[in-house]
There are 2 protein chains.
Amino acid sequence: MALQRPQTKEKKIPDQTGIRQVAKRAGVGIGSVSRVFSGAAGVSDQMRARVLRAAEIVGYSPNMLAQALRRQKTQSVGFVVSDIANPLVSSIIHGAEAVLSAAGYSLLLTNSGGEPAVDARRIRLLQQRRVDGLILLPAVEDDPAMLAALGASGIPLVVIDRSLPDSIEARYVYSDHYTGVGQAARHLLELGHRSLGVIVGLDVRPSRERIRAVTDAYRERKMKPKFLVDAGPLSAEHGAATMKRWLSAPNPPTAVILGGNQLLVGALETIRSRNLRLGRDLSLVVCDDVPLGRLFDPPISTVMRDTDLMGQTAARFLLDAISQPEQAASIAVLPTWYVPRVSCGAPVTR
Amino acid sequence: MALQRPQTKEKKIPDQTGIRQVAKRAGVGIGSVSRVFSGAAGVSDQMRARVLRAAEIVGYSPNMLAQALRRQKTQSVGFVVSDIANPLVSSIIHGAEAVLSAAGYSLLLTNSGGEPAVDARRIRLLQQRRVDGLILLPAVEDDPAMLAALGASGIPLVVIDRSLPDSIEARYVYSDHYTGVGQAARHLLELGHRSLGVIVGLDVRPSRERIRAVTDAYRERKMKPKFLVDAGPLSAEHGAATMKRWLSAPNPPTAVILGGNQLLVGALETIRSRNLRLGRDLSLVVCDDVPLGRLFDPPISTVMRDTDLMGQTAARFLLDAISQPEQAASIAVLPTWYVPRVSCGAPVTR
DNA sequence: TTGAAAGCGCTACCAC
DNA sequence: GTGGTAGCGCTTTCAA
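Throughout this document, residue positions are counted from 1 along each chain, in the order its sequence is written. In the order they appear in the text, chains get letters beginning with A and ligands get numbers beginning with 1. At least 70 in pLDDT is required for a residue's local features to be given in this predicted model, at least 80 for side-chain atom pairs to be given and counted, and no such filter applies to totals for whole chains, interfaces and linings, which use all residues. Computation of side-chain values: all heavy atoms of the structure, hydrogens and water removed.

Draft legend 1. Representation of the protein's contact with DNA strand D. If a single non-hydrogen atom of a residue is within 4 Å of a molecule or strand, that residue counts as near it. The environment of DNA strand D is made up of 29 residues, and the closest members are A:Ile19, A:Ser34, A:Tyr60, A:Arg70 and B:Ser32. Restricting the count to atoms of DNA strand D within 4 Å of the protein gives a sugar and phosphate share of 68%. For DNA strand D, a phosphate oxygen lies 2.6 Å from a polar atom in the side chain of A:Ser34. In terms of residue class, the surface near DNA strand D is built from 12 nonpolar, 12 polar and 5 charged. The term polar contact refers here to a pair of N or O atoms within 3.5 Å; inside protein, the definition further demands a hydrogen-donor-capable atom paired with an acceptor-capable atom, and it admits residues adjacent in sequence only when both atoms are side-chain atoms. Each residue gets one label: Ala, Val, Leu, Ile, Met, Phe, Trp, Tyr, Cys and Pro are nonpolar, Asp, Glu, Lys and Arg are charged, and the others, such as Gly, are polar.

So this is what it looks like as structure tokens:
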């Protein structure tokens, strides 16, 4: 009736070294071994030495799976993002991972590809894996399946750049898109532009904030906020298509704000193919830095932010939430700032 | 003597829904519930329905931790990289994650920051988490601690763009850096360049292959392979510093191959500050695509590769290794190709 | 301080 | 087909 070991195919597998092997080897109780390895108080030096030596010999190290099952704590957190390959996102992940692993947590990373349904599935999967907390950068803010999954579990939650309904208990890490884009819009209006174009993503917080920022910039100058808005995927293709559409229209915008760095490549392609000179024939601002942006000819005006810091902040929030679930949920708003460059100039007067 | 529940702070926590609650609710045996949820054969439709309904009511979903402990299989793999934030790396991760999650595996991602010692520690941590396999993109190829950790466990292993000693049983996913860089070097030599400069990273496979490729390109033309080599961090700062050094030397190279895309920003800065015109005063090739590379003025010659595919391939190799540990270890060599652009031109004759 | 024993939630064997 | 049961490797009481 012994448990049948899963087909140990006479491969090397170092003979499943468990706590009881160590206990037997050291001639002590199984509990003592546990105490030594979990650093519990009340273990004699002598015991510690014996156990450690025995463990050394048999090559033991604790099975975190069993620990997690018993302790009801996995020391792991799940991170669901919509696009790992986006440098912005990977920088956020980088920041979060650094903080988490320093705190002894492992990161379960999963990609939803921007599909709300996948977001929801991944969240449930991570819950089944009993992660201690969750960081989310979901595609949309109101997917019912996602909200249901989140609501059903009391797992600590940090959401990045998205705003979920109040019914979901979560902490938030926002970028202050309003300020950065506002600065950009004001700059463009001061230069004399009157018809701006703004490309944003789906109806998520950053998109709303950016539109609000441009609107308010117009209003500040007592101008009617009349500008073009395009909402779509923040991809190069979409950037190219939208620019093409706008530039072919009867009254094309004289300045465009791109709400995502992936749009830039596409937009520049269209601009190039039309032989327009940036900063003269058309002004351009991109949100989020692109490696060659400032070396480009002409250098591209950019709304910057510290994405690594966003990840760090999210991780810290999550660690707080895990250790003090009682504490009021909190919100961090991290700065963005506008760096004007030559891609923005006065519009051609005709 | 009941297990003391970890301080259920009268928060919501949905009352730890376990398999036996479902069994009781459905009035069936605990084993039947297990069978239903693990999709085992030999369960009557009636039983399945009863169990599923009961599970629905109490809101049950299997605890993967317990499953993993019992099955000796976590359905998770570890991925250790040196820099998540590098777009190249995150693209590899993207590819791997897609394949793994489609196969029902979760990804434990961890960053070593390029520190060999951290690589080794992370590997050990993942082993304690009992991952079913490991994908590695380590900083160096010969760190003793890393090799020891790897050797001590029989965990299936896939290594990307690094070549470990034969003593480690692993599968490999390589990029064919030799071909791409070879094409670039030949192009430059054909253009008339005689003194190339090559910037590579540490002594790892890609660096060696790139140097070998340039060497062979010289030899093909019966020329003595006399070119500058710089080995260092593949960072923008290092790119700038090396270019500065080379361009200040008595006989500066007339063409430079950058062995990593992060070098490009730095190199271009130096070039710009010296008022050199790419393709005329200096020719430049970068390994690995940079978003604005082809739109740059002038467009930058690039050695391309499909990093997403590398990740996919690594994941597939790992899944193979997990399901058939016996099978001979294998190697994949994925193509790289050179895309000549205006940044390469004939050297100025003087 | 230490050992024994119960049990975390599950799977897989056994007998019916 | 189905239920009972042992045990995955560990932590944490309780008694000594």
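Draft legend 2. Here's a closer look at the sheet that holds strand E9 (residues 283-287) of chain A. All names here are of chain A. In space, the 6 strands of this open sheet follow the order E7-E6-E8-E9-E10-E12, with mixed pairing throughout. A strand with exactly one partner marks an edge of an open sheet, and here the two such strands are strand E7 (228-231) and strand E12 (336-339). Strand-to-strand twist in this sheet, taken as the mean axis angle between neighbours without regard to direction, amounts to 15°. Here 4 bridges tie strand E6 (residues 196-200) to strand E8 (residues 255-258), and the two strands are oriented parallel to one another. Following the sheet pairing, Leu196 is matched in E8 by Ala255. Each pair of strands is called paired provided DSSP finds at least two bridges between the two strands. Note on conventions: DSSP H or I runs of at least 4 residues are helices, E runs of at least 2 residues are strands, and numbering of each starts at the N terminus. The axes are straight lines fitted to the C-alpha atoms, using for helices just the contacting stretch, and the angles between their N-to-C directions are given from 0 to 180°.

Draft legend 3. Broad picture of the relation of the copies chain A and chain B. A residue counts toward the fit only if its pLDDT is at least 70 in both copies, and the copies are then superposed by least squares on the C-alpha atoms of those residues. The two copies are related by a screw motion: chain A maps onto chain B through a turn of 180° and a shift of 0.1 Å along the axis, at an RMSD of 0.1 Å. With respect to symmetry, the two chain copies, as superposed, fit the operation of a two-fold axis. If distances are taken from each C-alpha of chain A to the rotation axis, the shortest is found for A:Leu108, at 2.3 Å.

Draft legend 4. Region of interest: the pairing of strand E1 (residues 76-81) of chain B. Residues and elements named next belong to chain B. With a 1.4 Å probe rolled over the protein chains alone, any residue whose accessible area is under 20% of its type maximum counts as buried; one over 50% counts as exposed, and the rest are partly exposed. Here E1 lies mainly inside the structure; 6 of its 6 residues are buried. The side-chain alternation of E1 yields two buried faces, one formed by Ser76, Gly78 and Val80 and the other by Val77, Phe79 and Val81. By convention a crossover is right-handed if, when the strands point away from the viewer, the path from the first strand over the helix to the second runs clockwise. Between E1 and its parallel partner strand E2 (residues 106-111), the chain crosses via helix H5 (residues 87-102), and the hand of that crossover is right-handed. Judged from the 5 bridges that link them, E1 and strand E3 (residues 133-137) form a sheet pairing that is parallel. When the sheet's bridge partners are listed, Val81 is paired in E3 with Leu137.

Draft legend 5. Summary view of the packing of aromatic side chains. Stacked, tilted and edge-to-face pairs are distinguished by plane angle, under 30 degrees for stacked and over 60 for edge-to-face with tilted covering the rest, among Phe, Tyr and Trp rings (Trp via its six-membered ring) whose centres lie within 6.5 Å. Applying the stated criterion across every chain yields a total of 7 aromatic pairs over all chains. Residues B:Phe37 and B:Tyr60 carry aromatic rings whose centres are separated by 5.0 Å and whose planes lie at 80° to one another, so their mutual orientation is edge-to-face. One end of the pair, B:Phe37, is in helix H2 (residues 30-37); the other, B:Tyr60, is in the loop between helix H3 (45-58) and helix H4 (64-71), and 23 residues separate them in sequence. Take B:Phe37: its relative accessible area is 28%, and that puts it in the partly exposed class. You can call B:Tyr60 buried: its relative accessible area is 12%. Consider the ring centre and the ring normal. A charge sits over the ring if Lys NZ or Arg CZ is within 6 Å of that centre and within 35 degrees of that normal. The ring of A:Tyr174 has A:Arg205 sitting right over it, with the charged end atom 3.6 Å from the ring centre.

Draft legend 6. Summary view of the domain arrangement of chain A. Residues and elements named next belong to chain A. Note that domain bounds follow an automatic or database assignment of domains. Domains assigned within chain A are domain 1 (16-70), domain 2 (74-176 + 308-336) and domain 3 (177-306). Here the C-alpha centroids of domain 2 and domain 3 sit 29 Å apart. By the convention used here, residues are in contact when the closest approach between their heavy atoms is within 4.5 Å. At the interface, 18 residues of domain 2 touch 17 residues of domain 3. Two parts lose some accessible area (1.4 Å probe) when they are put together, and adding that loss for both gives the buried area. A buried area of about 1500 Å², summed over both sides, lies between domain 2 and domain 3, and 47% of it is on carbon and sulfur atoms. The working definition used for a salt bridge is a side-chain nitrogen of Lys or Arg within 4 Å of a carboxyl oxygen of Asp or Glu. If you look at where domain 2 meets domain 3, you find 2 salt bridges. Residue Glu141 is joined to Arg208 by a salt bridge in which the shortest nitrogen-to-oxygen separation is 2.9 Å. At the junction of domain 2 and domain 3, the tally comes to 12 residue pairs in polar contact (both at pLDDT 80 or more). Among the secondary structure elements, those contributing two or more residues to the side of domain 2 that touches domain 3 are helix H5 (87-102), strand E5 (171-175) and helix H12 (307-323). Counted by class, the side of domain 2 that touches domain 3 contains 8 nonpolar, 4 polar and 6 charged residues.

Draft legend 7. Geometry of the nonpolar core. Residues enter a nonpolar core if they are buried and are Ala, Val, Leu, Ile, Met, Phe, Trp, Tyr or Cys, with the set joined through side-chain atoms within 4.5 Å. Within the largest apolar cluster, 54 residues are counted, with the highest numbers of intra-cluster contacts made by A:Phe79, A:Ile93, A:Ile160, B:Phe79, B:Ile93 and B:Ile160. Once you skip the residues sitting within four places of it in the chain, B:Ile160 turns out to touch B:Phe79, B:Ile92, B:Ile135, B:Leu136, B:Leu137, B:Val173, B:Met310 and B:Ala314. By size, the runner-up hydrophobic cluster in this structure holds 42 residues, among which are A:Ile199, A:Ile271, A:Phe296 and B:Ile271.

Draft legend 8. Up close: the packing of helix H6 (residues 116-128) of chain A against helix H7 (residues 144-152) of chain A. Residues and elements named next belong to chain A. Where H6 meets H7, the axes come as close as 8 Å, and the angle between the chain directions of the two elements is 20°. On the basis of the axis angle, H6 is roughly parallel to H7. Along this stretch, H6 crosses H7, giving a crossing that reads as left-handed. Contacts between H6 and H7 involve Asp119, Ala120, Ile123, Arg124 and Gln127 on the former and, on the latter, Ala145, Met146, Ala149 and Leu150. In terms of residue class, the contact of H6 with H7 is made up of 6 nonpolar, 1 polar and 2 charged. Our angle categories are set so that under 35 degrees counts as roughly parallel, over 145 as roughly antiparallel, 65 to 115 as roughly perpendicular, and the remainder as oblique. Rotating anticlockwise by less than a right angle from the far helix to the near helix defines a left-handed crossing, while the corresponding clockwise rotation defines a right-handed one.

Draft legend 9. Spotlight on the pairing of strand E7 (residues 228-231) of chain B. Residue and element names in this part refer to chain B. Two elements, strand E6 (residues 196-200) and E7, share 4 bridges in a ladder whose sense is parallel. By the bridge assignment, Val200 is partnered in E7 with Ala231. After leaving E6, the chain enters helix H9 (residues 205-220) and then returns to the sheet as E7, a path that is right-handed.

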